[in-house]
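Below, each chain spelled out in residue letters.
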Amino acid sequence: MAVLPILEFPDPRLRTVAKPVTLFDAELKSLVADMRETMYAAEGIGLAASQVDVHRRILVIDVSETKDSPRAFINPTFEVIDEELQDYDEGCLSVPGFYETVSRPRRVIIRAQDEEGVPFELEADGLLAICIQHEIDHLDGKLFVDYISKLKRDRIRSKLTKAHKKSA
Ligand code: GNR
Ligand code: NI
């Protein structure tokens, strides 16, 4: 297993639209294991393959308090079942140090496949509903900063670009 490097905004690779997984093989299981390890090492509640520069539709999520309930979602989609929105102060491992309020549908049905390719369905609200929408956005090349003002986004871009230059 390995902790993988995480791409950071404004890296253009984060804008890649991920392709569906068609092969449920040992390589997929190994990637999911590495993504799980990377998510826990970075203390995130979720991680999309896009963030580790693998442009396939793969997510890992663990919204539990005890950090002992990792789940893999392969080829995930969601359906909004309650138009009511909830606001949440979102952060992102690819936008480190910045938090902004994002409004998203409160209740969704998630449809995905597990690591074996077996389809499953799950009704979600609260943090899981927020997280799955945030992660599926990554697979579509979207980031939470796309929902805030251009002024705020440009400020975050400038600060992170400067930080990247210093650490390079
Ligand atoms: O760790 C994370 N926390 C978080 C908090 C609020 C809304 C979304 C998230 S996801 C984020 C991990 C991450 O960047 N996943 O892509
Ligand atoms: Ni993120």
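Worth saying up front: this structure is predicted, and the values here are computed from it rather than measured.

Reading guide: rules and limits
Residues numbered from 1 in each chain as written. Chains lettered and ligands numbered in written order. Predicted model: local features only at pLDDT ≥ 70, side-chain atom pairs only at ≥ 80, totals over all residues. Heavy atoms only, no water. Helix = DSSP H or I, 4+ residues; strand = E, 2+ residues; numbered from the N terminus. Buried < 20%, exposed > 50% of the residue type's maximum accessible area, 1.4 Å probe, protein only. Contact = heavy atoms within 4.5 Å. Near = heavy atom within 4 Å. Polar contact = N/O pair within 3.5 Å; in protein donor to acceptor, adjacent residues only side chain to side chain. Areas by Shrake-Rupley, 256 points an atom, 1.4 Å probe, with all protein chains shown as cover. 1 Å grid on protein atoms, 1.4 Å probe; cavity = no way out; pocket = protein on both sides within 12 Å on 5 of 7 lines; lining within 4 Å. Sits in = over half its atoms within 2 Å of the grid points. Nonpolar A, V, L, I, M, F, W, Y, C, P; charged D, E, K, R; others polar. Pairing = 2+ DSSP bridges. Axes fitted to C-alpha atoms, helices over the stretch in contact; angles between N-to-C directions. Core = buried A, V, L, I, M, F, W, Y, C linked by side-chain atoms within 4.5 Å.

### Here we look at the side chain of D137
Position of D137 relative to the elements: it lies in helix α2 (residues 126–139). On the basis of relative accessibility, which here comes to 10%, the residue D137 falls in the buried class. Each residue touching D137, except ones within four places of it in the same chain, is listed here: R104, K142 and Y147.

### Some remarks on the site of ligand 1
The immediate surroundings of ligand 1 are formed by 14 residues, with I45, Q51, L93, E135 and H138 found nearest. Between an oxygen atom of ligand 1 and a main-chain N or O atom of L93, the distance comes to 2.8 Å. Compared with its free state, where it exposes 380 Å², ligand 1 has 91% of that area covered by protein. The cavity that encloses ligand 1 is the largest pocket. The set of elements that each furnish at least two residues to the shell around ligand 1 consists of β3 (71–90) and α2. At four residues, the largest contribution of residues to the shell around ligand 1 is made by α2. A per-class count over the shell around ligand 1 returns five nonpolar, six polar and three charged.

### Some details on the sheet that holds strand β2 (residues 58–61)
Strand order in the open sheet formed by five strands is β1-β2-β3-β4-β5, and the pairing between neighbours is antiparallel. The open sheet is flanked by β1 (46–48) and β5 (119–124), the only strands paired with a single partner. Averaged over neighbouring strand pairs, the angle between their axes works out to 35° when direction is ignored. As defined by bridge partners, β3 adjoins strand β4 (residues 100–113) across twelve bridges and the pair is classed as antiparallel. Bridging across to β4, D82 finds its partner in R107.

### As for the nonpolar core
Ranked by internal contacts, the top residues of the largest apolar core, which has 16 residues, are L59, I61, F73, V108, I110, A124 and I132. Of all the elements in the fold, those that place two or more residues in this core are β2, β4, β5 and α2. Here the element with the most residues in this core is α2; it accounts for six residues. Ignoring sequence-local partners within four residues, the contact set of I110 consists of F73, T77, F78, F120, E121, L122, A124, L128 and I132.

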